[in-house]
Amino acid sequence: MIDFLIVGYGQSSYLLAIKLLSRGYKVNIVGNSKAGEASRISSGLINPVTGRRFVKTWKYDELISILIPFYKELEERYNTQFLFEYSLLLQLESIEQENDWNLRLTDPEYNKFCSIYSPRLIKEFLLDDSKSYGLIDPVYRVAVSELMSCIELELQKQHCLLNEEFIYNELIVEKEELIYRNLKAKFIVFCEGVFVQNNPYFSYLPIFKLKGERTLFSGAMSSNKILSAKYSIVPQNDKYWIGSNYSLDDLTEEITEVEGLNQSNFAYQYLTPESKRLNQEFGFRPSSRDRRPIIGSHPNFHNIYLLNGLGTKASSLLPYCINLLERHFTQSEDIPAELSPKRFVKKGYKFN
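Residues numbered from 1 in each chain as written. Predicted model: local features only at pLDDT ≥ 70, side-chain atom pairs only at ≥ 80, totals over all residues. Heavy atoms only, no water.

**Considering the nonpolar core**
Across soluble globular proteins, you tend to see nonpolar side chains buried next to one another.
And step 1. With 70 residues, the main nonpolar core has Ile 6, Leu 15, Leu 16, Tyr 71, Leu 74, Leu 155 and Leu 307 as its most contacted residues.
And step 2. Tyr 180, Leu 183, Ile 207 and Ile 304 belong to the second-largest nonpolar core, a separate cluster that totals 23 residues. (Core = buried A, V, L, I, M, F, W, Y, C linked by side-chain atoms within 4.5 Å. Buried < 20%, exposed > 50% of the residue type's maximum accessible area, 1.4 Å probe, protein only.)

Rendered as C-alpha cells:
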C-alpha cells in the first residue's frame, strides 16, 4: 500500500509529490497532459503588490517566509537555480493611478516594496518618458517549466509517475483504504486545476476557468527588470515572456490571432528591434469564487482530498498550501476553515 495517490499533471501535483517523497512517504501520480494546461507556460511571477488598485497580496509576509526556503530546498536537491529575484516597473496610466500609487508610498505595509522610478534609468526597455513609473522591489520568478522537468525525471526514475488519464469510476472508496486498479492508497489528493470540473467528487465547487495567452520573444539575456503595463514583459534567460490578461469570456481551446497580434504590437513598442517573436500558447488557470485556495478533504470522505483554486498565484501559494497539507497529515493540524472545500457547502453548494 502507498500513502498518497495524487491525481494531476501540473505544478501542484508535482510539487506536492516531491515534497511528500522527500519526507519519506510512498507516492504515486496519475495524470496526463491536456490542452490548456497552464503550469508549463506560466511566468512564475511572485509579486507583493498586484491589481489595478495596488493591493498587497493575501498573506504575503507569511507566503514569502515559506516559499523562499521551499524553493531553495528544491534548488539544492537538483543543483539548479529555480528562484530568481527581480525589480518590477509599473507603468502608471492615469493621474488617478499616480495618486493611488503615491498614497501607497505613505503606508508602511507598502513602502518597503514600493517607490517611484525614473524611466531614464532603465536601459532594458524602450520606455515612454512622458509616463510615470512605480517600482516594486523585490519580486520573484519561479522557473516553473524547468522545475517541473527536474521533478518529472525523478518521478520517472522512482517509477511513481503513471502517464495516463485518471478514470474516476475505477476508484473504489473504502473506510480504511482507496483502491485504484492495482494500487491501494491511504489517501488520494486531486490536483487537477480546471479539469476538476469533471471530477464527480468535487464538481460542486465554484471553480472557474481563466484563459490566458502568452507570447515568447528572443533576447532577454541577463535582464532583472520586469515591465508591467497593458501586458507584462518578464525576462526568462534568453527569452522574454509577454502576457497575459486572463479572461472568463473566451474559453476556446486554442490561441487567438487577435491576442497574439496585441501582444506582439506591445512587444515591438517596448523591446529593441533585435527581439524576434518565437511562439504563442494558451492556458487555463483555476480560480475559486472567493479567490482563495481550496485545500482539504471531501465533506463525506475523510480520505479524499483536494488542492486547487490557486488562480494566477500558484507559484507563491503552493509552498504555503503544501506546508498546510504536510502538517495536517503528519501532525494532525487542522487546515484553516476559510480554505476548506466544506466552506462552499455552508454557502449552499450541493455536492454528490
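So that's the structure; there's more coming.
**A look at the pattern of salt bridges**
And step 1. Applying the stated criterion across every chain yields a total of 18 salt bridges.
And step 2. Lys 186 is paired through a salt bridge with Asp 3; the nearest N and O atoms lie 3.3 Å apart. Here Lys 186, found in strand 12 (residues 183-190), pairs with Asp 3, found in strand 1 (residues 2-7); they are 183 residues apart in sequence, far enough to count as distant.
And step 3. On the basis of relative accessible area, Lys 186 is assigned to the partly exposed category, the value being 40%.
And step 4. Taking the relative accessible area as the measure of exposure, Asp 3 reaches 14% and is therefore buried.
And step 5. A salt bridge links Lys 56 to Glu 109, with the shortest nitrogen-to-oxygen separation between them at 2.7 Å. Separated by 53 residues along the polypeptide, Lys 56 in strand 5 (residues 55-56) and Glu 109 in helix 4 (residues 108-111) bring together distant segments of the chain.
And step 6. Its relative accessible area of 15% is what places Lys 56 among the buried residues. (Salt bridge = Lys/Arg side-chain N within 4 Å of Asp/Glu carboxyl O. Helix = DSSP H or I, 4+ residues; strand = E, 2+ residues; numbered from the N terminus.)

**A closer look at helix 6 (residues 257-270)**
And step 1. With 14 residues, helix 6 should reach 20 Å at 1.5 Å per residue; the first-to-last C-alpha distance of 20 Å fits that figure.
And step 2. Turning to helix 6, its buried residues are Glu 259, Gly 260, Gln 263, Ser 264, Phe 266, Ala 267 and Tyr 270. Axial view of helix 6: buried residues confined to an arc of 160°, hence all on one face. Away from the buried face of helix 6 by more than 90 degrees, exposed residues Glu 257, Val 258 and Leu 261 are located. (Expected span 1.5 Å × (residues − 1). Arc of directions from axis to C-beta.)

**Here we look at the environment of Asp 107**
And step 1. Mapping Asp 107 onto the fold places it in the loop between helix 3 (95-104) and helix 4.
And step 2. For Asp 107, a relative accessible area of 25% puts it in the partly exposed group.
And step 3. Spatially, the C-alpha atoms of Asp 107 and Met 148 are 38 Å apart, while their sequence positions differ by 41 residues.

**Points about the environment of Ser 247**
And step 1. Tracing the sequence through the fold places Ser 247 in the loop between strand 16 (239-243) and helix 6.
And step 2. Given a relative accessible area of 23%, Ser 247 falls into the partly exposed group.
And step 3. C-alpha separation for the pair Ser 247 and Phe 284, spaced 37 residues apart in sequence, amounts to 9.3 Å.
And step 4. The residues contacting Ser 247, other than those within four sequence positions of it, are Lys 209, Leu 210 and Lys 211. (Contact = heavy atoms within 4.5 Å.)

**Looking at the pairing of strand 8 (residues 132-142)**
And step 1. Burial analysis of strand 8 places 8 of its 11 residues in the buried class, which makes it a mostly covered element.
And step 2. Note: strand 3 (residues 45-46) against strand 8, 2 bridges, orientation antiparallel. Along strand 8, the bridge assignment pairs Ile 46 with Tyr 140.
And step 3. Where strand 6 (residues 83-92) and strand 8 come together, 9 bridges link them in antiparallel fashion. (Pairing = 2+ DSSP bridges.)

**Considering the packing of helix 1 (residues 11-22) against helix 5 (residues 144-157)**
And step 1. One can describe the packing of helix 1 onto helix 5 by two numbers: an axis separation of 10 Å at closest approach and a directional angle of 50°. In terms of their interaxial angle, helix 1 and helix 5 are classed as oblique. Crossing handedness for the pair helix 1 and helix 5: left-handed. From helix 1, Gln 11, Tyr 14, Leu 15, Ala 17, Ile 18 and Leu 21 reach across to helix 5, where they touch Val 144, Leu 147, Met 148, Ile 151, Glu 152, Glu 154 and Leu 155.
And step 2. Partitioning the contact of helix 1 with helix 5 into residue classes produces 10 nonpolar, 1 polar and 2 charged. (Axes fitted to C-alpha atoms, helices over the stretch in contact; angles between N-to-C directions. Parallel < 35°, antiparallel > 145°, perpendicular 65-115°, else oblique. Left-handed = near helix turned anticlockwise from the far one by under 90°. Nonpolar A, V, L, I, M, F, W, Y, C, P; charged D, E, K, R; others polar.)

**A closer look at the packing of aromatic side chains**
And step 1. Evaluation of the coordinates by the stated rule reveals 24 aromatic pairs.
And step 2. Pairing Phe 4 with Phe 329 gives two aromatic rings, centres 4.7 Å apart and planes at 70°, and the pair type is edge-to-face. With Phe 4 in strand 1 and Phe 329 in helix 7 (residues 314-331), this residue pair connects regions lying 325 residues apart in the sequence.
And step 3. Under the relative-accessibility criterion, Phe 329 is labelled buried at 17%.
And step 4. Between Phe 70 and Tyr 71, the ring centres sit 5.4 Å apart and the planes meet at 85°, which makes this aromatic pair edge-to-face. Each member of the pair, Phe 70 together with Tyr 71, is buried.
And step 5. An aromatic cluster is present here, built from Phe 166, Tyr 168, Tyr 180, Phe 190, Tyr 201, Phe 202 and Phe 301 joined pairwise through their rings.
And step 6. Note that Lys 34 overlies the ring of Phe 195, its terminal NZ or CZ placed 5.4 Å from the centroid.
And step 7. Taking NZ or CZ as reference, Lys 209 lies 4.8 Å from the ring centre of Phe 284, over its face. (Phe/Tyr/Trp six-rings, centres within 6.5 Å; stacked < 30°, edge-to-face > 60°. Lys NZ or Arg CZ within 6 Å of the ring centre and 35° of its normal.)

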